[in-house]
Amino acid sequence: MSEIAIIKYNAGNVQSVLHALERLGKTAIWTDDPEKIRQAERVIFPGVGEASTAMRHLQERGLDQVIRALQQPVLGICLGLQLFCRHSEENDTACLGIFDVDVRKFNAGAERLKVPHIGWNTLQDFRGPLFEGVPESSFVYFVHSYFAEKTVDAVATTEYGKPFAAALQRDNFYAVQFHPEKSGETGDRILDNFLKIK
Amino acid sequence: MLAKRIIPCLDIKDGQTVKGIQFENLRHAGDPVELAEAYARLGADELVFLDITATQEGRGTLVELVRRIAKVLNIPFTVGGGIRSIAEVEALLQAGADKVSVNSAALRRPVLLDEMAKYFGNQCIVLAVDGRPNEQGEWFAYLNGGRILTENRVLDWVREATERGAGEVLFTSMAHDGTKGGFALDITRAVSEAVSVPVIASGGAGEASHFLDVFKTGKADAALAASVFHFGEIQISSLKNYLFEHGISVRK
């Protein structure tokens, strides 16, 4: 049985997550085998890519059902967070529905926001095991054009034009919009916290 | 609040950094991996590696170097220099680069930006533009590290490129690069207002106040510099303190 499984699908940037785990002294397997995913102690669902293509890929392989049924701690990163939500505005995509929240696009026009939201931004109002020992207003690294609205499942908030969900949690499902694997010491801490969740 | 980014740029040739980088407490100042780690510790928000290797063998070395950097670096980094094909981009991203920058190849064949964005998403595509004003003060983009003038006006080109798929613009004023007299504020501001993606300003950094100017007046989202950091003329931590005291959001 493997300790950490990273779900293999067509939305990439897995290398940097693997490297971050290595820096924390952990190894992981990168797999789309449902049995290996089910049996792992932790599951990480990273992703950089486009929502509808990624969802179709997951559905074709039955991984959408596998993910929804997972019982162990699961961490979605970036597109992973968005796919855990109900629906994404990105190509009008029905997502996994683990979090009861919709994903919208930042509005570049009205608020003169630069989109994508790229760079280091602060975490506010955070709570829960992922953020143990993280100082208030810590900076983490974001790269995204779509965001999950701040609702009851939000366990961290970041402001870009308006507040959005920087992290979500429901039961054993955790998700972060930023990239902990690229967020310096704060990111290392958050990943390490995820690995230590009981 | 979103922080303004400070980005050191490292020139790479045959897998080593070029220009006599003077860094204390480094055993091998020419080793990009060790230097990258040092910059991350010192508070750099991101790094750019610009490959100036001319040969094909050197390109293979670059991919291997990117792999080594990705293993140790816990902040984002961009790789650029002579990239002209989807296959090259794929190799660099798979090796662990967060973004790639394209310059001449996109000017020669703009549809490359559409293709790159389609395959990899615009968040990892940085359009690098080298610009210089003509005698009438109109800014044009240059090819091949600034050697060949094109017919592309800078503002038209950045608009087109970001519509095609560039997710960020790295604008270098060749008229200011190396002068240490400050960034090109007016054109940087015009670029920043012309596009809806983040803009990295480059060329001309000599002292801390230049960074303040390019964020406040130039409306840049990030500022890139090389020699002032490599030679220790500006410490990143004191630069950030200075910017913070002057009301700029920085990551400390």
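Residues numbered from 1 in each chain as written. Chains lettered and ligands numbered in written order. Predicted model: local features only at pLDDT ≥ 70, side-chain atom pairs only at ≥ 80, totals over all residues.

1. A short note on the pairing of strand 7 (residues 102-105) of chain A
Here is the key point about a regular strand: its side chains alternate between the two faces of the sheet.
Then, number 1: Direction of pairing for strand 5 (residues 87-88) of chain A relative to strand 7 of chain A: parallel, over a ladder of two bridges. Across the sheet, residue Ser88(A) finds its bridge partner in strand 7 of chain A, namely Val103(A). (Pairing = 2+ DSSP bridges. Helix = DSSP H or I, 4+ residues; strand = E, 2+ residues; numbered from the N terminus.)

2. Some points on the nonpolar core
Soluble globular proteins: nonpolar side chains tend toward being buried together.
Then, number 1: The biggest cluster of nonpolar side chains holds 151 residues, and the ones touching the most others in it are Val100(B), Leu127(B), Val169(B) and Ala223(B).
Then, number 2: Residues within four places of Val169(B) in sequence aside, it is in contact with Leu127(B), Val129(B), Val158(B), Thr162(B), Val191(B), Val195(B), Val197(B), Val199(B) and Ile200(B). (Core = buried A, V, L, I, M, F, W, Y, C linked by C-beta atoms within 7 Å. Buried ≥ 20, exposed ≤ 12 C-beta atoms within 10 Å, placed from the backbone. Contact = placed C-beta atoms within 7 Å.)

3. A look at the pairing of strand 4 (residues 77-80) of chain B
Residues and elements named next belong to chain B.
Then, number 1: Going residue by residue along strand 4, you find Phe-77 and Val-79 tucked away on one face and Thr-78 and Gly-80 tucked away on the opposite face as well.
Then, number 2: As paired elements, strand 4 and strand 5 (residues 99-102) share three bridges and run parallel to each other. Residue Thr-78 lies in a different strand from strand 5, and its bridge partner there is Lys-99.
Then, number 3: Tracing the backbone out of strand 4, into helix 3 (residues 86-95) and back to the parallel element strand 5 gives a crossover that is right-handed. (Right-handed = clockwise from strand over helix to strand, strands pointing away.)

4. Topic: the sheet that holds strand 10 (residues 146-148) of chain A
Residues and elements named next belong to chain A.
Then, number 1: Taken together, four strands build an open sheet; the order of strands is 6-5-7-10 and the sheet is mixed. Either end of the sheet is taken by a strand with one partner, and the two such strands are strand 6 (93-94) and strand 10.
Then, number 2: Sheet topology note: the strand 7/strand 10 ladder contains three bridges and is antiparallel. Bridged to Arg-104 within strand 10 is Phe-147.

5. Notes on the confidence of the model for chain A
Then, number 1: Of the residues in chain A, 96% reach a pLDDT of 70 or more, and the chain-wide mean stands at 93.
Then, number 2: For chain A, the element scoring lowest by mean pLDDT is helix 6 (residues 108-111) of chain A, at 68; strand 13 (residues 173-176) of chain A scores highest, at 98. (pLDDT = per-residue confidence, 0-100.)

6. Focus: the confidence of the model for chain B
Regions with low pLDDT should not have their predicted coordinates read in detail.
Then, number 1: With 94% of its residues at a pLDDT of 70 or more, chain B has an overall mean of 92.
Then, number 2: The ipTM, which scores confidence in the relative placement of chains, is 0.91 for this predicted complex, and the corresponding pTM is 0.93.

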